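What follows is the residue order along each chain.
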Amino acid sequence: ILPDSTAWATATIDAIARVCPMHVVWIFRDPMLCLLSKIESARKWWGYPDSAVTHDSVLGYLRETSASLRALESVATRHRGLLVRYESLVDDPAATLTDLMRGIGETFDPVQLEYHLAGPQPNKVMGDPEVASQPAPISAERERRRIAEAEQHRALFESVQAAHPEFALVHA
């Protein structure tokens, strides 16, 4: 999440909401998992092979994301936001989308599970470039491995957060 894109997104959502009713759907992923994905991407694709989970990398991540997360939480609160946990979406997409669609007064359609066939814009992919070149459903197994990896670093992440409450993250 980048501050400039967050400011643009919140202003756009507020402007749209002035002319038509809407729901904000926030797909929220555990911040520790996001940091691990960012570090993996830096190692594999961005030319930073020494990227690691350290006190400084956690603090830098908290600095760059905490304000954006608070802004998104505020927008979701103002506009009847629905929170969807990314981990639930990966683990059981049909049930999660069924609940989400019911929450916004719509009906789930199984074609929604084929989101990957639409393909992302290659210049909009921040992590694995294969997401754009070889689209596939999100892997639940990959997410489970990431969750297990996160537990190895959870104490460091939480200690840095506790030492810097000004960078507190939203907890879903």
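Please refer to the structure higher up on the page.
On a predicted model such as this, the values are computed, not experimentally measured, just so you know. (Residues numbered from 1 in each chain as written. Predicted model: local features only at pLDDT ≥ 70, side-chain atom pairs only at ≥ 80, totals over all residues. Heavy atoms only, no water.)

K.L.:
Explain the pattern of salt bridges to me, using residue names and the numbers behind them.
P.N.:
Any two side chains of opposite charge can pair, on the condition that their charged atoms come close. If you walk through the whole model with that rule in mind, you get 13 salt bridges. Measuring nitrogen to oxygen at the nearest pair gives 2.0 Å for the salt bridge that ties Glu64 to Lys38. Of the two residues, Glu64 sits in helix 3 (residues 55-78) while Lys38 sits in helix 2 (residues 31-44), which places them 26 residues apart along the sequence. Of the residues examined, Lys38 reaches a relative accessible area of 32% and is grouped as partly exposed. A salt bridge links Glu141 to Arg145, with the shortest nitrogen-to-oxygen separation between them at 3.8 Å. (Salt bridge = Lys/Arg side-chain N within 4 Å of Asp/Glu carboxyl O. Helix = DSSP H or I, 4+ residues; strand = E, 2+ residues; numbered from the N terminus. Buried < 20%, exposed > 50% of the residue type's maximum accessible area, 1.4 Å probe, protein only.)

K.L.:
Which residues make up the packing of helix 2 against helix 3, and what are the values?
P.N.:
Taken N-terminus to C-terminus, the directions of helix 2 and helix 3 make an angle of 115°; their axes are 11 Å apart at the nearest point. Between helix 2 and helix 3, the crossing angle belongs to the class labelled roughly perpendicular. Taken as a pair, helix 2 and helix 3 cross one another with a handedness that is right-handed. For the pair helix 2 and helix 3, the contacting residues are Pro31, Cys34, Leu35, Lys38 and Ile39 in the first and Ser57, Val58, Tyr61 and Glu64 in the second. A breakdown of the residues in the contact of helix 2 with helix 3 according to their chemical character gives six nonpolar, one polar and two charged. (Axes fitted to C-alpha atoms, helices over the stretch in contact; angles between N-to-C directions. Parallel < 35°, antiparallel > 145°, perpendicular 65-115°, else oblique. Left-handed = near helix turned anticlockwise from the far one by under 90°. Contact = heavy atoms within 4.5 Å. Nonpolar A, V, L, I, M, F, W, Y, C, P; charged D, E, K, R; others polar.)

K.L.:
So what's going on with a nonpolar patch on the surface? Residues and values would help.
P.N.:
A grouping of Trp45, Trp46 and Tyr48 is seen on the molecular surface, where their side chains present a nonpolar patch of about 330 Å² in accessible area. Locating Trp45 in the fold gives a position in the loop between helix 2 and helix 3. (Patch = residues over 30% accessible without salt bridge, like charges linked within 9 Å, V, L, I, M, F, W, Y side chains within 5 Å. Areas by Shrake-Rupley, 256 points an atom, 1.4 Å probe, with all protein chains shown as cover.)

K.L.:
With reference to specific residues and values, describe the nonpolar core.
P.N.:
Core analysis: the largest hydrophobic core is formed by 23 residues, its most contacted members being Val58, Leu62 and Phe157. Those elements that provide at least two residues to this core are strand 1 (25-28), helix 2, helix 3 and helix 7 (140-163). Ranked by residues supplied to this core, first place goes to helix 3 with seven residues. (Core = buried A, V, L, I, M, F, W, Y, C linked by side-chain atoms within 4.5 Å.)

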